[in-house]
Amino acid sequence: MFRLHSLRARVALYFAAFGALLSVVMAVMVYQSAHDLSVRLVDETLSAELDDYIARRGRNPLSLPPATVTLQGYVREADQADGVPDYLARLPPGRHEVRVGTLFYRAAVLDRDNTRYYLLYDISLKLKREQRFVQQLSIVAVAMTLLSTLLGIFLSGAAVAPVADLAARVRHRRPEDWDQPLAEHFHDREIEELAGVFDRQLSRMRAFMERERAFGADMSHELRTALAVILSATEVLLDDDKLNEKQKARVQRIERAARDMAELGTALLLMAREDHAQPGGGCRIAAVVEEAVEKQRHILASKPVAVDVQTDPELVVVADCGLVDILISNLVRNAFSYTDAGSVTIHQDSHSLVISDTGRGLPGDAIDQAFLRHFRDMASTGAGIGLSLVKQICDRYGWQVRLESGEHQGTTVSVLFAR
């Protein structure tokens, strides 16, 4: 396929430009050579006719100057003031181009023995032939440009064919094909070297992915084992009648945190998968919102903050509930953490979730960077991955997330769910 911004198009364009430049230069040189030759022939004719007339006039002073269809001569003695047209009388000795009406002449003026000789050669026909010659050269130059363009397209296709083949092989390469080196398919030295670079990079990428996959599997196993131990221990402690209510509340928080960590690990592993297929079933947003508020309510502690929650139980989205819980929990946690006094409003309707607070807010220059990974403003206490994770989850499901904030003016985060 021939595209304007492709390598093949650039090669063809450069070839066409070179062909056009070369044909124009050659046309100019041929025209200039032909023009100089015709002028030289006319001047030699004028010189020969002048010499012949001067010789005849030397033998017979009454000899008349040439007067033919193409030649017209004049003679003026030193003591004469007329007999020569005005357009010739002002000309100095030498060769000149003279226009008389619609006719063009090449004029030769010569002084000899106190006599000035004038001889005109009609070059009108010569100029018309030169114009036709210029037209023919222009047609040839255009034809050469078109020919060089077509030739450039053909040659560029042959020249970039190995590169296009390499690009196609890289584009359609699948993980199961990584064991087959690309370099073995190419014999041109440059393309073979480039294919070798791709092979080395793909090998490094494969090794990196295998290490990451192994690390994720090992960490998942080890974390699940540790969390299972913690959950087992909390179950035993909760069954112990010797614990008072305050101690049981603390153990319940440990149990809840351990379960949250297990769900978070599952959700993060799900996001790390290359397959982005939507899970079956649905997730009721209202239930997740209410659970997230209860789990994060301890952050408020004794803060003078009023929490207003309004949900619509009818909204069900096709998404993993673990990821939805991560999204909502991060937004609720941020609202509770950065609001020292005032209110937090959580409003969820049939198509969106809006969380507003009266907290410290963000400066204007930080809003555009809030969703970047590890971004933290001066007042942040976290690691700076919460909002970045929220953005990743929204992008995964095609949801829109918006943030409006002002320093000391609170923050509003809106999530618009795709229908």
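Residues numbered from 1 in each chain as written. Predicted model: local features only at pLDDT ≥ 70, side-chain atom pairs only at ≥ 80, totals over all residues. Heavy atoms only, no water.

Enquirer: Before we move on, could you go through the overall build of the chain and cite the residues and values that matter?
Expert: The helix and strand tally for the chain stands at eight helices and eleven strands. Counting every position in the chain, which comprises 419 residues, the buried fraction comes to 33%. Here the chain has roughly 26,300 Å² of accessible surface; of this, 58% comes from carbon and sulfur atoms. (Helix = DSSP H or I, 4+ residues; strand = E, 2+ residues; numbered from the N terminus. Buried < 20%, exposed > 50% of the residue type's maximum accessible area, 1.4 Å probe, protein only. Areas by Shrake-Rupley, 256 points an atom, 1.4 Å probe, with all protein chains shown as cover.)

Enquirer: Kindly report on the sheet that holds strand 10 (residues 400-405), identifying the contributing residues and their values.
Expert: Strand order in the open sheet made by the five strands is 6-8-9-11-10, with mixed pairing throughout. The open sheet terminates on both sides in strands that have one partner only, identified here as strand 6 (305-310) and strand 10. The average angle at which neighbouring strand axes cross in this sheet is 5 degrees, direction not considered. Along the sheet, helix 6 (residues 285-296) makes contact with strand 6, strand 8 (342-348) and strand 9 (352-357), crossing strand 8 at roughly 160 degrees. (Pairing = 2+ DSSP bridges. Axes fitted to C-alpha atoms, helices over the stretch in contact; angles between N-to-C directions. Contact = heavy atoms within 4.5 Å.)

Enquirer: Which residues make up the environment of histidine 408, and what values do they have?
Expert: Following the sequence through the fold, histidine 408 ends up in the loop between strand 10 and strand 11 (411-416). Taking the relative accessible area as the measure of exposure, histidine 408 reaches 67% and is therefore exposed. In this structure, the C-alpha to C-alpha distance between histidine 408 and glycine 359, residues 49 residues apart in sequence, is 6.6 Å. Once you skip the residues sitting within four places of it in the chain, histidine 408 turns out to touch Gly359, Arg360 and Gly361.

Enquirer: Talk me through the pairing of strand 9; I want residue IDs and the actual numbers.
Expert: Note that strand 8 and strand 9 share five bridges and pair antiparallel. Across the sheet, glutamine 348 pairs through a bridge with leucine 353, a residue of strand 9. With antiparallel pairing between neighbouring strands as the criterion, strand 8 and strand 9 make up a hairpin whose turn holds three residues. In terms of strand pairing, strand 9 meets strand 11 through six bridges, oriented antiparallel. Paired with isoleucine 355 across the strands is valine 413, a residue of strand 11.

Enquirer: Explain helix 7 (residues 321-337) to me, and be specific about the residues and the numbers.
Expert: The terminal C-alpha atoms of helix 7, which comprises 17 residues, lie 23 Å apart, in line with the 24 Å expected from a rise of 1.5 Å per residue. Judged by how many residues are buried, helix 7 sits mostly within the fold: 13 of 17 residues are covered. (Expected span 1.5 Å × (residues − 1).)

Enquirer: Any chance you could break down the pattern of salt bridges for me, citing the residues and the numbers?
Expert: Throughout the structure, instances matching the rule amount to twelve salt bridges. One salt bridge in this structure joins aspartate 43 and arginine 106, with 2.8 Å as the shortest N-O distance. Of the two residues, aspartate 43 is situated in helix 1 (residues 7-59) and arginine 106 in strand 3 (residues 103-112); the sequence distance between them amounts to 63 residues. For arginine 106, a relative accessible area of 13% puts it in the buried group. The partner of arginine 297 in a salt bridge is glutamate 294, and the shortest N-O contact between them spans 3.4 Å. (Salt bridge = Lys/Arg side-chain N within 4 Å of Asp/Glu carboxyl O.)

Enquirer: Explain the environment of valine 197 residue by residue, including any values.
Expert: Of note, valine 197 is situated in helix 4 (residues 189-238). Along the chain, valine 197 and alanine 183 lie 14 residues apart, while their C-alpha atoms are 8.8 Å from each other.

Enquirer: Please give an account of the packing of aromatic side chains that cites residues and values.
Expert: The full count for this structure, using the stated rule, is three aromatic pairs. Ring geometry for tyrosine 397 against tryptophan 399: centres 5.1 Å apart, planes inclined by 25 degrees, an arrangement best described as stacked. Of the two residues, tyrosine 397 and tryptophan 399, neither departs from the other in class, the shared state being buried. Taken together, the ring pairs in this structure connect Tyr397, Trp399 and Phe417 into an aromatic cluster. We note arginine 396 situated over the ring of tyrosine 397; from NZ or CZ to the ring centre the distance is 6.0 Å. (Phe/Tyr/Trp six-rings, centres within 6.5 Å; stacked < 30°, edge-to-face > 60°. Lys NZ or Arg CZ within 6 Å of the ring centre and 35° of its normal.)

Enquirer: Lay out unusual backbone geometry in plain terms, naming residues and giving numbers.
Expert: Unusually for a residue other than glycine, asparagine 114 sits at a positive phi of about 60 degrees. The phi angle at histidine 408 is positive, at roughly 65 degrees, despite the residue not being glycine.

Enquirer: Residue-level account of the packing of helix 7 against helix 8 (residues 386-397), with values.
Expert: Their axes nearest at 9 Å, the elements helix 7 and helix 8 cross at an angle of 145 degrees. Crossing hand, helix 7 versus helix 8: left-handed. Each of Leu323, Ile326, Leu327, Asn330, Leu331 and Asn334 in helix 7 lies in contact with helix 8, whose residues at this interface are Gly386, Leu387, Leu389, Val390, Ile393, Cys394, Arg396 and Tyr397. A breakdown of the residues in the contact of helix 7 with helix 8 according to their chemical character gives ten nonpolar, three polar and one charged. (Left-handed = near helix turned anticlockwise from the far one by under 90°. Nonpolar A, V, L, I, M, F, W, Y, C, P; charged D, E, K, R; others polar.)

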